[in-house]
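# Structural description and commentary
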Amino acid sequence: MLRVGSSAACVACRSLISNNMGVKFRIPLQKLHPLSRAIHHRYSGNNNPHRTPHRTAARYFTSMSRLPMRPLKPPPGSGGHRHQQQRNFWVARLAARLLRLRYILLGTAVGGGYTAKKTYEEWKDMLPDFSEYNWVIPDFVWELSEHIDLDKLAKALPEMEEIAKLLPDFEKIGENFTFLKGLLSSGVSLGSEVKGASGLHLLENSGDPALKATDSSTGAAHDPSDKQYKKSSDKEKIDQLQEELLRTQLKYQRMLERLEKENKELRKVVLQKDDKGIHQRKVKKSLIDLYSEVLDILSDYDSNYNTQDHLPRVVVVGDQSAGKTSVLEMIAQARIFPRGSGEMMTRSPVKVTLSEGPHHVAMFKDSGREFDLSKEEDLAALRHEIELRMRKSVKEGQTVSSETISLSVKGPGIQRMVLVDLPGVISTVTTGMASDTKETIFSMSKAYMQNPNAIILCIQDGSVDAERSIVTDLVSQMDPHGRRTIFVLTKVDLAEKNLASPSRIQQIVEGKLFPMKALGYFAVVTGKGGTGESIDAIKDYEEDFFQNSRLLRDGMLKAHQVTTKNLSLAVSDCFWKMVRESVEQQADVFKASRFNLETEWKNNYPRLRELDRNELFEKAKNEILDEVISLSQVTPQLWESILQKKLWERVSTHVIENIYLPAAQTMDSGTFNTTVDIKLKQWTDKQLPHKALEVAWETLQEEFARFMAEYKGKDQDDIFDKLKEAVKDESIKRHKWNERAMDSLRVIQHNALEDRSITDKPQWDAAIQFMEETLESRLKDNESVIKDMVGPDWTERWLKWVNRTPEQHIRNETKNELDRLLKLHDDHTAYLASDEVTTVRKNLEGRGVEVDPVLIKDTWHQLYRRHFLQKALTHCSLCKRGFYYYQRHFVDSELECNDVVLFWRIQRMLVITANTLRQQLTNTEVRRLEKNVKEVLDDFGEDLEKKTQLITGRRVQLAEDLKKVREIQEKLEAFIEALHKEKLLH
């Protein structure tokens, strides 16, 4: 029994379900199928030309229990007792209602009133709307006739004689009513037979005139001695009529299935013809596709203006392994979901848009591939793709995800609606699941069910104890009055087999076992449990089960409450009722939200265009690529100048400390050159090429970063700073320097350092200048170190009021003592002898200064370094006039300038290395870096999460919201317009 709420939001839907799932047809007689028109003329009393059009034959097929119960015409010669017959008829009808006669007599015979009603609605909509083809109707009909064998279709339809045979014998029913009236008026006690199923059968089948009681008008009573005989005779009649009714049911069901199949084939041909474009007209999107697009946009919309998504969709919830996925597959008419043996398979919400189409196909929202659901290999590929998407959407460490997978399924005869399949509700977190899996599923389910216009399809496993259900409590919390909940009991075949008391199933579908209330209750069977069962096999099994089930025979279930077909029809009707009642209100809400967003933009960013995140990314991408191209515009002179300077900064310390000073302190010309050559060779083989490539790579990075950070007028937008920095870092991270150039660079550097031939005076002077600058720089650094060691001099102490520390005082005394030693021995070597250290220490102790030998040596190193650099600078000045001696190779000359030659060799190596690196940069590395930047930008462009992290701010979010709201409003308006047009056409 269906519970009907009182909310105005579902008036039409509740009335539909509560009234035995039947509605009144208001269809012009001309649009009815010829079969329906024939039955209309036969049974509707068509003598009256003013009879209302909606009294059509479809109502007779909708439910046999709704047949017009007019009194039968008396046979000729019997006289006309019209008033008496009418009174007898109402008495019989009252008894039939009290004893549920109609459910046993005609309930299962028609396969459910709601199914027949929807079947004829499908026939009514068999052809597309011809209003768009008014001007070409002859051509259209002619083309359509080429694809439809009308003669074959006409032959397939049953003749009127067949239909008349299948209809009940109304005269016999009248006799039964008369007999029943006699039983009631005579006061015969039906006893337990009335209470049980046998009593119901007795009332249905006791139509033999020989067994009739005395007419109530005479008031005569039955003979008590004949009661036992009459009861046994009635029993035989019950069995005979029961068998006759079952045969009639099977005949009618076969005829109905044949007509549905013909209708389905006809619709398929029409849809295929329209899909190809009969007149090369562009096929518009279907109504459900327009609505689905709105829901897709809303799923990604994060509102900051409390604009809630209250558009209807069917939310499918249930306990894990309750058969939720199987119900969806029966509605979609294909095994499209991955399956597992008891384990959780649905790990994220799946939005399935169902619509009618010429071919049974499925497609993802973000993919162009079409899966043919009539082919098993495509079905397997679709299930595999859904499973991959689910696992990909689940973040590391989690079990389920809130990311929605959008899928559309089209096919002949599929009901139009949008369903969201949610992960099954669990009671216990098992091994391998995240600890918060249970709470995550609960919160996800609540979020979808909180929508006041969402239709909740609550799936309950009928094969387990009802007390083990978790989902019913959750649904009752979200919809306590049951105004938008449809309850589905699955695995009824197992429930009937396992339950000791089948009346428990009746309690469930009547809403008496659970505290949860629902708009409607359904019982379905979704197969025998095998994963390889086809949808057609499951349908046949379901129909066979309910035809033979005593749940239906004994009246525990109503015909309109069983089969997934009835369920899908009811859910689709409820869905569209809810859509029509709420969509315009939602459109007004988004219209107001759009006004608020536009007002905020005008007040805060009046001179800026409304660029969303993707548009801003494209703008930044163009700027970055322009800046990368600027690298190729750097002049060769600038590249070489930068490279030479940076390379010398990197190697100067090594050259001075490890090559020049050790060689210069030998005080011998031959030893100097030998030491220099050996150290230069070692340096070139091991360190110099690597240092040079590091310098080149760092130079490229610095120049790239400089161009990226350079301000370029008013077009520069600080909103791109994070993006540019990320692109720069990622591009540099991906860039790998071509190491194959190292070997050739090593050879070039080695040859440059081996050359000692200074060809002209300018080169000599340049080498001297380079040497002076280097030595002066080192001397300045050395002076700074000594100053820090000894502390402020007397001028600073008097003028700035600063004093030396005890350590600085000791250092200063040690310095003064070592300075006296250097004055006495101007040509002293770089190292102090042990006796000299002892002498200096005793001299300091004599003045009351306790000093450590290590401190003496450390101080000596800095003082001697300063002393040596000063002498080297003096020698460098003298060598300015030494080019003449060098050029003529005066070996015995007192003026030896080997150190100048060393610095010239170093300088020439720097120039040649910078030139080589510049060529590699401009010819290879800059282009490779540009390629890396483009790849990084392309990757970032496809990564929505990355773009969201790098392009942020209220301005971006406001533009994003504004774009979304506009898009939603436009889609809603287009949908509403199409919805109104469809309503007018029907």
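Scope of this entry: the structure provided in the associated data block. (Residues numbered from 1 in each chain as written. Predicted model: local features only at pLDDT ≥ 70, side-chain atom pairs only at ≥ 80, totals over all residues. Heavy atoms only, no water.)

### Some remarks on the packing of helix α32 (residues 806–824) against helix α33 (residues 834–846)
The criterion, for reference: To get an axis, a line is fitted to the C-alpha atoms, and for a helix only the part in contact is used. The angle between two axes follows their N-to-C directions and goes from 0 to 180 degrees. Helix and strand definitions here come from DSSP, where helices need a minimum of 4 consecutive H or I residues and strands a minimum of 2 consecutive E residues; each element is numbered from the N-terminal end. The scheme is simple: roughly parallel for angles under 35 degrees, roughly antiparallel for over 145, roughly perpendicular for 65 to 115, oblique for anything else. The sense of a crossing depends on the near helix, which, turned anticlockwise from the far helix by less than a right angle, makes the crossing left-handed and, turned clockwise, makes it right-handed. Any pair of residues with heavy atoms lying within 4.5 Å of one another is described as a contacting pair. The classification used treats Ala, Val, Leu, Ile, Met, Phe, Trp, Tyr, Cys and Pro as nonpolar, Asp, Glu, Lys and Arg as charged, and all other residues, Gly among them, as polar.
For the pair α32 and α33, the least separation of the axes is 10 Å and the interaxial angle reads 130°. Relative to α33, the element α32 lies oblique. Taken as a pair, α32 and α33 cross one another with a handedness that is right-handed. Between α32 and α33, the residues in contact are Glu813, Thr814, Glu817, Leu818 and Leu821 and Glu836, Val840, Asn843 and Leu844, respectively. Its residues assigned to classes, the contact of α32 with α33 shows four nonpolar, two polar and three charged.

### Digging into α32
Quick note on the threshold: By definition here, a helix of n residues has an expected span of 1.5 Å times n minus one. Buried, partly exposed and exposed residues are distinguished by accessible area as a fraction of the type maximum, computed with a 1.4 Å probe on protein chains only: under 20%, between the cut-offs, and over 50%, respectively.
Helix length check: α32 (19 residues) gives 28 Å between terminal C-alpha atoms against 27 Å at 1.5 Å per residue, within 8%. Among the residues making up α32, those that are buried are Gln808, Arg811, Asn812, Glu813, Thr814, Lys815, Glu817, Leu818, Asp819, Leu821 and Leu822. Looking at the packing, one finds that the buried side of α32 touches α30 (761–790), α33 and α34 (853–878).

### Concerning the state of the cysteines
Filter applied, for reference: Criterion for a disulfide: a pair of cysteine sulfur atoms at a distance within 2.5 Å.
Evaluation of the coordinates by the stated rule reveals one disulfide. Take Cys876: it sits in no disulfide, and the sulfur closest to it among the cysteines is that of Cys879, at 6.6 Å. We classify Cys876 as buried; its relative accessible area is 0%.

### A look at the nonpolar core
The test is simple: Take the buried Ala, Val, Leu, Ile, Met, Phe, Trp, Tyr and Cys residues and link them wherever side-chain atoms come within 4.5 Å; each set so joined is a nonpolar core.
Counting 97 residues, the largest nonpolar core has Tyr660, Trp683, Leu700 and Ile906 as its most contacted members. Looking at this core element by element, the count peaks at 17 residues for helix α36 (residues 898–942). With residues near it in sequence (within four places) discarded, Tyr660 still touches Val655, Phe672, Met771, Leu775, Phe868, Ala872, Asp899, Leu902 and Phe903. Leu407, Ile455, Val965 and Ile968 belong to the second largest nonpolar core, which has 68 residues in total.

### Notes on the packing of aromatic side chains
What counts here: Here a Phe, Tyr or Trp ring, Trp counted by its six-membered ring, pairs with any other such ring whose centre lies within 6.5 Å, and the pair is stacked when the planes are under 30 degrees apart, edge-to-face when over 60, and tilted otherwise. Lysine NZ or arginine CZ positioned within 6 Å of the ring centre and within 35 degrees of the ring normal marks a charge as sitting over the ring.
One pass over the full model with this rule turns up 15 aromatic pairs. Judged by centre distance (5.7 Å) and plane angle (50°), the ring pair of Phe487 and Tyr521 falls under tilted. Note that Phe487 is positioned in strand β8 (residues 485–490) and Tyr521 in strand β9 (residues 520–523), a separation of 34 residues in sequence. Taken as a pair, Phe487 and Tyr521 share a single burial class, namely buried. Ring geometry for Trp601 and Tyr605: centres 4.9 Å apart, planes at 45°, overall tilted. For the residue pair Trp601 and Tyr605, the accessibility class agrees, reading buried in each case. Chaining the aromatic ring pairs together yields one cluster made of Trp648, Tyr660, Phe770, Trp860, Tyr864, Phe868 and Phe903. Taking NZ or CZ as reference, Arg416 lies 4.7 Å from the ring centre of Trp576, over its face.

### Brief notes about the pairing of β9
Applied cut-off: Strands were regarded as paired on the criterion that DSSP finds at least two bridges between them.
Where burial is concerned, the two faces of β9 agree: the one with Gly520 and Phe522 and the one with Tyr521 and Ala523 are both buried. The pairing of β8 with β9 spans four bridges and is classified as parallel. Each residue of the ladder has a partner; that of Ile486, found in β9, is Gly520.

### Here's the deal with the side chain of Asn782
The condition that has to hold: Identification of polar contacts relies on pairs of N or O atoms within 3.5 Å, with a donor-acceptor requirement for protein atoms, meaning one able to donate a hydrogen and the other able to accept it, and with residues adjacent in sequence counted only if both atoms are side-chain atoms.
Relative to the helices and strands, Asn782 resides in helix α30. Among the polar contacts listed, one links the side chain of Asn782 to the backbone nitrogen of Arg866, at a separation of 3.3 Å.

### Quick word on the pairing of β8
Of all six residues making up β8, six are buried, and the element is well covered by its neighbours. Residues of β8 alternate between two faces, with Thr485, Phe487 and Leu489 on one and Ile486, Val488 and Thr490 on the opposite face, all of them buried. The pairing of strand β7 (residues 455–461) with β8 spans six bridges and is parallel. In the strand pairing of β8, Ile459 is matched with Val488.

### Some points on the pattern of salt bridges
Note the threshold: Any Lys or Arg side-chain nitrogen located within 4 Å of an Asp or Glu carboxyl oxygen qualifies as a salt bridge.
Tallied over the full model, the rule gives 49 salt bridges. Note that Glu598 and Arg594 form a salt bridge whose closest N and O atoms lie 3.1 Å from each other. Pair noted here: Glu598 and Arg594 are both in helix α23 (residues 564–604), with a separation of four residues, about one helical turn. The partner of Arg866 in a salt bridge is Glu783, with the nearest N and O atoms 3.5 Å apart.

### Remarks on the sheet that holds β8
Across the sheet, nine strands lie side by side as β4-β3-β5-β2-β6-β1-β7-β8-β9; this open sheet has mixed pairing. Single-partner strands in this sheet number two, and they are β4 (371–372) and β9. Where strand β1 (residues 314–318) lies against β7, five bridges are found, and the strand directions are parallel. Bridged to Val316 within β7 is Leu457.

### What about the environment of Ile719?
Its place among the elements puts Ile719 in the loop between α27 (688–709) and α28 (721–734). The buried category is assigned to Ile719, whose relative accessible area is 12%. Separated by 233 residues in sequence, Ile719 and Thr952 have C-alpha atoms that sit 7.3 Å apart. Not counting residues within four places of it along the chain, the set of residues in contact with Ile719 comprises Leu616, Leu950, Thr952, Arg955 and Val956.

### Focus on unusual backbone geometry
Unlike most non-glycine residues, Gln333 shows phi in positive territory, near 65°. Notably, Lys491 is not glycine yet its phi reads approximately 55°, a positive angle. Within the fold, Lys491 resides in the loop between β8 and α19 (492–498).

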